[in-house]
Amino acid sequence: MGLELPEILNISKQLNSTVKGKTINDVALGSRCASLVKLGMCNLDKRKDEIINGTINSAQAKGKWIFLEFNNDRLLLLGELIGKLLYHRNDSELPKNYHVLFEFDDNTSLSFQSSLYGFLEIVDPEQLKMHKYAGNIGISPHDKNFTWLYFKDVLSRNGNQPVKALLGLQSDISGLGNVYINDILYEVKLHPKKKAAELKKSEQNKLYKTIVEISMSAIELKGSTQEVDLFGKPGKYIRIMDKESTNKECKRCGTRIIKMNILGSSSYFCPNCQKI
Ligand SMILES: [Zn+2]
């Protein structure tokens, strides 16, 4: 649940072929947007005028974030999105409910419907550097700089972190969230709470390889079947561990998969294969 690296890369590519070069006519905030403003995740209520009449220069994927750059130096940051970001060719395609609707000068538009939350913030380049999350995004697993040496350094700096938390450290490994982390930990047979410092050399190695393999495979498949792209089309990556897995037998050992809330989100794991 939530748009992670594979979905974000795909959507950013689609944004570059649909809305790049378009000028924003208006930004309409739906009534449910107030909750995002209250959470401090959206500043469009105060700053939307800064992008109205602005033209989109490019969309860049950064971990779990999309940076939309405007011709007036402003950036629209879309990050940690849980929900749907959709492109509409005309008014007849508009959803009934949306949190935000960005309307372009050619009658096309972009809507965001949140099913939990998401950041939608306008910043200038200086404010981006200071941004608590978007200002400090690390290397993603598909990047050529995400090397074994880099990963070993991340492990050594974060030995006290449970592996689930380590894989979600956006300043070090950007783009993975609970969806892909559950699958990676299952494949490597690691308990989500196992401390990074306690991994054997062979486990460190397998973890690195699996992070890259699962990320690359999901990127190629354009994200999870449970998320949709800019045109409402789901991805083709079938999750290994999700809520449907709970109480089902582990494909390796037959033990029943359990669900546990760990570090603020649901972990699904095999208590036999993934011992702490
Ligand atoms: Zn098992």
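Residues numbered from 1 in each chain as written. Predicted model: local features only at pLDDT ≥ 70, side-chain atom pairs only at ≥ 80, totals over all residues. Heavy atoms only, no water.

(A) Layout of the coordination of the zinc ion. At this site the zinc ion is bound by Cys 250 (SG), Cys 253 (SG), Cys 270 (SG) and Cys 273 (SG), with donor distances of 2.2 to 2.4 Å. If you look at the zinc ion, its 4 donor atoms make angles of 100 to 113° with each other, and the shape they trace is tetrahedral. Counting residues between consecutive donors of the zinc ion along the chain gives the motif C-x2-C-x16-C-x2-C. Taken together, the residues Cys 253 in the loop between α8 (201–220) and β9 (258–262) and Cys 273 in the segment after β10 (265–269) connect sequence positions 20 residues apart. You can call Cys 253 partly exposed: its relative accessible area is 33%. What makes Cys 273 buried here is its relative accessible area of 16%. (Donors = N, O, S within 2.8 Å, 3.2 Å for Na, K, Ca; no water. Tetrahedral: all angles 85-135°; square planar, octahedral: opposite > 155°, others 65-115°. Helix = DSSP H or I, 4+ residues; strand = E, 2+ residues; numbered from the N terminus. Buried < 20%, exposed > 50% of the residue type's maximum accessible area, 1.4 Å probe, protein only.)

(B) Quick look at the nonpolar core. By size, the foremost hydrophobic cluster in this structure holds 31 residues, and its most contacted members are Leu 15, Leu 85 and Phe 102. The residues contacting Leu 85, other than those within four sequence positions of it, are Ile 11, Leu 15, Ile 66, Leu 78, Leu 110, Ser 111, Phe 112, Asp 229 and Leu 230. Listed in part, the 25 residues of the second largest apolar core include Phe 146, Leu 155, Leu 176 and Ile 214. (Core = buried A, V, L, I, M, F, W, Y, C linked by side-chain atoms within 4.5 Å. Contact = heavy atoms within 4.5 Å.)

(C) Spotlight on the pattern of salt bridges. Inspection of the entire model under this criterion finds 11 salt bridges. A salt bridge links Asp 106 to Lys 22; its shortest N-O distance comes to 3.0 Å. In this pair, Asp 106 is assigned in the loop between β6 (100–104) and β7 (109–114) and Lys 22 in the loop between α1 (5–18) and β1 (24–29), connecting sequence segments 84 residues apart. Asp 106 gets classed as partly exposed once you look at its relative accessible area, which sits at 37%. Judged by relative accessible area, Lys 22 falls into the buried class, the value being 13%. We note a salt bridge from Glu 80 to Lys 64, for which the minimum N-O separation is 3.2 Å. Taken together, the residues Glu 80 in the loop between β4 (75–79) and β5 (83–88) and Lys 64 in the loop between β2 (56–62) and β3 (65–70) connect sequence positions 16 residues apart. With a relative accessible area of 12%, Lys 64 lands in the buried category. (Salt bridge = Lys/Arg side-chain N within 4 Å of Asp/Glu carboxyl O.)

(D) Expanded view of the sheet that holds strand β8 (residues 119–123). Ordered in space as β2-β3-β4-β8, the 4 strands form an open sheet in which the pairing is antiparallel. The strands lining the two open edges of the sheet, one partner per strand, are β2 and β8. Neighbour to neighbour, the strand axes of the sheet diverge by 15° on average, direction disregarded. Bridging between β2 and β3 involves 6 bridges; their strand directions are antiparallel. Across the sheet, residue Ser 58 finds its bridge partner in β3, namely Glu 69. Here α1 sits on the sheet and contacts β2 and β3; the angle it forms with β2, its principal contact strand, is near 170°. (Pairing = 2+ DSSP bridges. Axes fitted to C-alpha atoms, helices over the stretch in contact; angles between N-to-C directions.)

(E) Up close: a positive patch on the surface. Where like charges cluster on the molecular surface, the positive patch consists of Lys 13, Lys 222, Lys 233 and Lys 236. Structurally, the position occupied by Lys 233 is in the loop between α8 and β9. Given the relative accessible area of 52%, Lys 233 is considered exposed. (Patch = residues over 30% accessible without salt bridge, like charges linked within 9 Å, V, L, I, M, F, W, Y side chains within 5 Å. Areas by Shrake-Rupley, 256 points an atom, 1.4 Å probe, with all protein chains shown as cover. Lys, Arg positive; Asp, Glu negative; His and termini not counted. Charge placed at Lys NZ, Arg CZ, Asp CG, Glu CD.)

(F) Focus on the side chain of Glu 227. Along the polypeptide, Glu 227 turns up in the loop between α8 and β9. With no salt bridge to any partner, buried Glu 227 finds its closest opposite charge in Arg 239, at an N-O distance of 6.2 Å. At 3.0 Å, the side chain of Glu 227 forms a polar contact with the backbone nitrogen of Gly 2. Setting aside its immediate chain neighbours within four residues, Glu 227 contacts Met 1, Gly 2, Leu 3, Glu 7, Gly 83, Lys 233, Pro 234 and Gly 235. (Polar contact = N/O pair within 3.5 Å; in protein donor to acceptor, adjacent residues only side chain to side chain.)

(G) Broad picture of α1. Taking 1.5 Å per residue as the helical rise, α1 with its 14 residues ought to reach 20 Å, and the 20 Å between its terminal C-alpha atoms agrees with that figure. Buried residues dominate α1, accounting for 10 of its 14 residues. Burial in α1 covers these residues: Leu 5, Pro 6, Glu 7, Ile 8, Asn 10, Ile 11, Ser 12, Gln 14, Leu 15 and Thr 18. Its buried side turned inward, α1 meets β2, β3, β5, β7, α7 (178–188) and α8. (Expected span 1.5 Å × (residues − 1).)

(H) The arrangement of the packing of aromatic side chains in detail. All told, the structure shown has 9 aromatic pairs when counted by the stated rule. With a centroid separation of 6.1 Å and 85° between ring planes, the pair formed by Tyr 87 and Phe 231 is classed as edge-to-face. On the criterion of sequence distance, the pair formed by Tyr 87 in strand β5 and Phe 231 in the loop between α8 and β9 is long-range, its members being 144 residues apart. An angle of 50° between the planes, with centres 6.1 Å apart, marks the rings of Phe 146 and Phe 151 as tilted. Judged by its relative accessible area of 2%, Phe 146 is buried. Over the face of the ring belonging to Tyr 186 we find Arg 252, whose NZ or CZ atom lies 3.9 Å from the ring centre. (Phe/Tyr/Trp six-rings, centres within 6.5 Å; stacked < 30°, edge-to-face > 60°. Lys NZ or Arg CZ within 6 Å of the ring centre and 35° of its normal.)

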